[in-house]
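Here are the chains, one letter per residue:
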Amino acid sequence: MAMTRKQRRLILIGTGLGVLAIAALLVLTALKDSIVFFNSPTDIVEKHVKPGSRIRVGGLVQPGSIVRNNLDARFEITDGKTEIKVSYHGILPDLFREGQGVVAEGVLTDSRNFVADTVLAKHDENYMPKEVADALKKQGHWKDDYGKAPREGEARK
Amino acid sequence: MIAEIGHYALVLALLLAFIQGVLPIAGVRLRDNALAGTGEPLAIAQFCFVALSFAALTACYVTSDFSVFNVFQNSHSAMPLLYKFTSVWGNHEGSMLLWVLILAFFGALVALFGGNLPAALRASVLGVQAWIAISFLLFVLLTSNPFVRLAPAPFEGRDLNPLLQDIGLALHPPFLYLGYVGFSIAFAFAVAALIEGRIDAAWARWVRPWTLAAWIFLTLGIALGSYWAYYELGWGGWWFWDPVENASFLPWLSGTALLHSAVVMEKREALKVWTILLAILTFSLSLVGTFLVRSGVLTSVHAFATDPARGVFILTILIVFIGGALALYAWRAPLLRQGGVFAPISREGALVFNNLFLTVACATVFIGTLYPLALEALTGDKISVGAPFFNATFIPLALPLLFAMPFGPLLAWKRGDLYGAAQRLIAAFAIAILVGAATAALTKGGAILAPFAIGLAVFVMAGALTDVVERAQLFRQPWPVAWRRLVGLPRSAFGTALAHFALGVTLIGIVCESYFTAERISTIRPGDTVAISGYEISFDGLVARQGPNYREVSGKLIVRRNGDVVGMLTPGKRTFPARGNSTSEAALLTRGFSQIYVSLGDPNPDGSAAMRIYHKPMVLLIWLGALLMAGGGLLSLSDRRLRVGAPKPAKKTALQPAQ
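Computed from a predicted model, the values in this text were never measured in an experiment.

## A short note on the overall build of chain B
Then, in step 1: Helix and strand counts for chain B come out as 22 helices and eleven strands.
Then, in step 2: Scaling as 2.2 N^0.38, a compact globule of 659 residues should have a C-alpha radius of gyration of about 26 Å, and chain B matches this with 27 Å.
Then, in step 3: By principal-axis analysis of the C-alpha atoms, chain B measures approximately 85 × 75 × 55 Å.
Then, in step 4: Counting across all 659 residues of chain B, residues that qualify as buried make up 61%.
Then, in step 5: In chain B, 74% of the contacts between residues at least 6 apart in sequence involve partners at least 24 apart.

See below:
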């Protein structure tokens, strides 16, 4: 059975549109389910972020708040206005320390408690993660020297 | 003095590029052969001056001339000599200079080896290439000048980011750039073809080796980057779907599509308009990648610095080139004549299938990479799109492609026999089922998807072998005949089979790494033993030592299997005083294709230390597959047909469709 040129083209276009439709469906579903929003501790309180949702929290590690017990670590992240308690099991990044800008990803248990499964810290003490810098600026706790000499580097999981 | 020479050489290269951007194209318009022929010497001269400039910067680094700001920022006198060389491109300015150097290098190659190109096409290609060079030379000179002086000169440099002090850095960026920038040739050819309003099979035959070469480098560059991240970042991950990784993966996907569509165009003169579009898109994605990485809109290990002026400049380049090329495409593409017709089930059809899935998969990665940027610009919401998104979109699109891959080469041109191809793949399919079932039996209770994925990978590999077996008619002809047929096969046939086989190899590595990795994270005291995947790893204690520009604390671990010592691991943590930062140095023990991976966490005062220990089965296959893929590309590239290049002019007229 010989197909006309038109039929062939229709099959081609049909297949193409079919694959595109499937891809669009996949993308839309994935965008609904698997993206993670970034919030500062203040955002969590003000925006009433639901407990149980998977988010990223960023800010500075509150000085004096780090409690380590072997691989379990508890610390607070602050944006200068609000704090949130974070618990984490695992090895913290190389430059995780007090006063350092960090981003933690995990699940919110309630508006003040957060269980992180990933902690990101930048590799240079002068550098601040972009989200954290923005959040601090918003709370008016930004010091100009934070932003000086931004360097590359990121510890991650 | 040396820095000034480098600076002036770069300015001269810019002037030459301007001339190269005007004269050859004017020559073509005015039908003046002498004028059109100026492109080659100009391209070669441009390359020489950029090379001089690059050599000058290298000299500044090697002699630790800290009066040059760039050297002060990124080098240290105590750094090993190798890293003094590699830190030339371990920073924004230097890496852009490398970008320009490679661009000029490719331009010079076209000038030197493009002798068999029609004069007009060659002139146009060099003209287009010159405009890309102009924009990036301007970018370097105006926003990222590596030769800026610092007065008074400091005594010591600020050192290179410790993560970048690694042999991985020596190779990853040059290979990646050779890939990125190599696609500029395909782009220049596409634009030249659109300017001329004429394209034929010979065009595809010239473009294919350049695309293939770029693709080989990009494949190696991505693999190197992945392996580097794997052992340097200390997390044992080899691919994070990080925007910067995606930036290199996007041109790889569309470049792979371009390679395949160029085959159709060369063999059957079909898909011309599509091939041109892919050539434009592939280089556009390289530019997008450069923009994402270099503008600082993303913060990652690659964002050397953030300077809005640079972002705006690259964005402008991006818009001018992509917009310009697409506009030219919309205007001129209808002039191109359609080529041969083919049935949906045919080699062409299979290659269209390949292109469809590759480009759609590429589009989903593109959306996932840019969506956070777009959303933040529009609503201010900050989100991160990570692995779950890409696993949910990319993988479902990759699976049909992988399954269809063995069928493609077995289908005939014009009209293929799917049933016949399926029959010939029965053996491959049976092997795949067997291996899949064996995997399921061995890993009972494990992930359900893993045996399927392993089976698919084996199908891909066995299918690639089937292609060679079928072409040589092994098992069907008497051995001597089959042998002669096998030896007589073109190298590109082996190249195809090897590259396809290699994809299966990589897939096995990915599946095993993803599903069967064992992980132990714990605090270990000296004398303790940790058991993982049949190995006993005992901790002997911590040792401190002084490196050239760092201090290191490392753990000593002995690995035993059934009581016999099989190796020693010394994961370390290095502190670099010049920058006050530290890195983890993971230790790896290779057993066959599998690896034991240990990275050191924080050492405690009592001599114990937190450690992350992995057993990663078959993990090396991920990169071995990439190497084999590049090897397949190289085999194809060495094919006589491509090496000899385009047909002679007399033959060419026969190949051209009637105008």
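## A closer look at helix H10 (residues 243-268) of chain B
Residue and element names in this part refer to chain B.
Then, in step 1: With 26 residues, H10 extends 37 Å from end C-alpha to end C-alpha; this agrees with the ideal 38 Å at 1.5 Å per step.
Then, in step 2: For H10, a buried count of 24 out of 26 residues is recorded, marking the element as mostly surrounded by other parts of the structure.
Then, in step 3: Of the residues that open H10, the one with a side-chain oxygen 2.8 Å from the backbone nitrogen of Val244 is Asp242.
Then, in step 4: Where H10 ends, the next residue or the one after it, Glu269, has phi of about 55°, a positive value.

## Points about a nonpolar patch on the surface
Then, in step 1: On the surface, Leu12(A), Ile13(A), Leu17(A) and Leu20(A) cluster together into a nonpolar patch covering about 370 Å² of accessible area.
Then, in step 2: For Ile13(A), a relative accessible area of 46% gives the class partly exposed.

## Side note on the packing of aromatic side chains
All names here are of chain B.
Then, in step 1: A full pass over the atoms with the stated rule returns 35 aromatic pairs over all chains.
Then, in step 2: Cluster of aromatic residues (ring-pair linked, three or more members): Trp215, Trp239, Trp241, Phe249, Trp252, Phe389, Phe390 and Phe394.
Then, in step 3: Note that Arg561 overlies the ring of Tyr535, its terminal NZ or CZ placed 4.5 Å from the centroid.

## Structural notes on the pattern of salt bridges
Then, in step 1: According to the stated counting rule, one finds 20 salt bridges over all chains in the structure shown.
Then, in step 2: For Arg574(B), the salt bridge is made with Glu585(B), and the minimal N-O distance between the two is 3.9 Å. Taken as a pair, Arg574(B) in strand S7 (residues 572-576) and Glu585(B) in strand S8 (residues 581-585) lie far apart in primary sequence, eleven residues in all.
Then, in step 3: A relative accessible area of 17% places Arg574(B) in the buried class.
Then, in step 4: Its relative accessible area of 15% is what places Glu585(B) among the buried residues.
Then, in step 5: What you see here is one network of salt bridges that share partners, running through Arg54(A), Arg56(A), Glu105(A) and Asp117(A).

## A look at the packing of helix H8 (residues 167-196) of chain B against helix H9 (residues 201-232) of chain B
Residue and element names in this part refer to chain B.
Then, in step 1: At a minimum axis separation of 7 Å, H8 and H9 run at an interaxial angle of 155°. Classed by the angle they form, the pair H8 and H9 counts as roughly antiparallel. At the point where H8 passes H9, the crossing takes the left-handed sense.
Then, in step 2: Across the contact of H8 with H9, the residue classes tally to 26 nonpolar, seven polar and no charged.

## Remarks on the environment of Ala398(B)
Residue and element names in this part refer to chain B.
Then, in step 1: Mapped onto the elements, Ala398 comes out in helix H14 (residues 387-404).
Then, in step 2: For Ala398, a relative accessible area of 19% puts it in the buried group.
Then, in step 3: C-alpha of Ala398 to C-alpha of Ala361: the two residues are 37 residues apart in sequence and 7.2 Å apart in space.

## Describing the sheet that holds strand S10 (residues 594-603) of chain B
Residue and element names in this part refer to chain B.
Then, in step 1: Here four strands make up an open sheet; going across it, the order is S2-S11-S10-S9 and the pairing antiparallel. A single partner strand is all that each edge strand has here, and the edge strands are strand S2 (518-524) and strand S9 (587-591). Here the average twist between neighbouring strands, direction ignored, is 15°.
Then, in step 2: One ladder, built from five bridges, connects S9 with S10; its direction is antiparallel. Across the sheet, Leu588 pairs through a bridge with Tyr597, a residue of S10.
Then, in step 3: Together, S9, S10 and strand S11 (609-616) form the strand contacts of H9, whose direction differs from that of S10 by roughly 45°.

## Let's talk about the confidence of the model for chain B
Residues and elements named next belong to chain B.
Then, in step 1: Across chain B, the average pLDDT comes to 88, with 95% of residues at 70 or higher.
Then, in step 2: Overall, residues 645-659 carries pLDDT values under 50, and its contacts beyond four positions in sequence, including any with other chains, amount to 21 contacts.
Then, in step 3: In the model output, the complex is listed with pTM 0.90 alongside ipTM 0.78.

## Notes on the environment of Lys50(A)
Then, in step 1: On the secondary structure map, Lys50(A) appears in the loop between helix H2 (41-46) and strand S2 (54-61).
Then, in step 2: Lys50(A) gets classed as exposed once you look at its relative accessible area, which sits at 65%.

The rules behind each value
Going along each chain's sequence as written, the residues are numbered from 1 onward. Each chain takes a letter, starting from A, and each ligand takes a number, starting from 1, following the order in which they are written. Two thresholds apply to this predicted model, a pLDDT of at least 70 for residue-level local features and 80 or more for giving and counting side-chain atom pairs, whereas whole-chain, interface and lining totals are computed over all residues. Water and hydrogen atoms play no part in the side-chain values, which are based on all heavy atoms of the structure. Where helices and strands are cited, they refer to DSSP runs of H or I of at least four residues and of E of at least two residues respectively, numbered from the N terminus. Values of the radius of gyration come from C-alpha atoms, whereas the globule rule sets the reference at 2.2 Å times the count of residues to the power 0.38. Only protein chains enter the accessibility calculation, which uses a 1.4 Å probe; a residue whose area is less than 20% of its type maximum is buried, one above 50% is exposed, and one in between is partly exposed. Here a residue-residue contact requires only that any non-hydrogen atoms of the pair lie within 4.5 Å. Multiplying one less than the number of residues by 1.5 Å gives the expected span of a helix. Polar contacts, as used here, are pairs of N or O atoms within 3.5 Å; protein pairs need one atom able to donate a hydrogen and one able to accept it. Residues neighboring in sequence count only if both atoms are side-chain atoms. Residues with no salt bridge and a relative accessible area higher than 30% make up the patches, which join like charges within 9 Å and nonpolar side chains (Val, Leu, Ile, Met, Phe, Trp, Tyr) within 5 Å. Only the protein chains shown count as covering a residue, and every accessible area follows the Shrake-Rupley method with a 1.4 Å probe. Definition used for salt bridges: Asp or Glu carboxyl oxygen within 4 Å of a side-chain nitrogen of Lys or Arg. Stacked, edge-to-face and tilted are the three classes for Phe, Tyr and Trp ring pairs, Trp counted by its six-membered ring, which pair at centre distances within 6.5 Å; planes under 30 degrees apart are stacked, over 60 edge-to-face, the rest tilted. In our convention, an over-ring charge means Lys NZ or Arg CZ found within 6 Å of a ring centre and within 35 degrees of that ring's normal. Orientation is described by axes fitted as lines to C-alpha atoms, over the contacting stretch for helices, and by angles from 0 to 180 degrees between their N-to-C directions. What sets the label is the angle itself: under 35 degrees gives roughly parallel, over 145 gives roughly antiparallel, 65 to 115 gives roughly perpendicular, and the rest give oblique. By convention, the crossing between two helices is left-handed when the near helix turns anticlockwise from the far helix through less than a right angle, and right-handed when the turn is clockwise. Ten residues, namely Ala, Val, Leu, Ile, Met, Phe, Trp, Tyr, Cys and Pro, are considered nonpolar, four, namely Asp, Glu, Lys and Arg, are considered charged, and the remaining ones, Gly among them, are considered polar. Pairing between strands requires that DSSP locate at least two bridges from one strand to the other. Summary of the metric used: pLDDT quantifies the predictor's per-residue confidence within the range 0 to 100.

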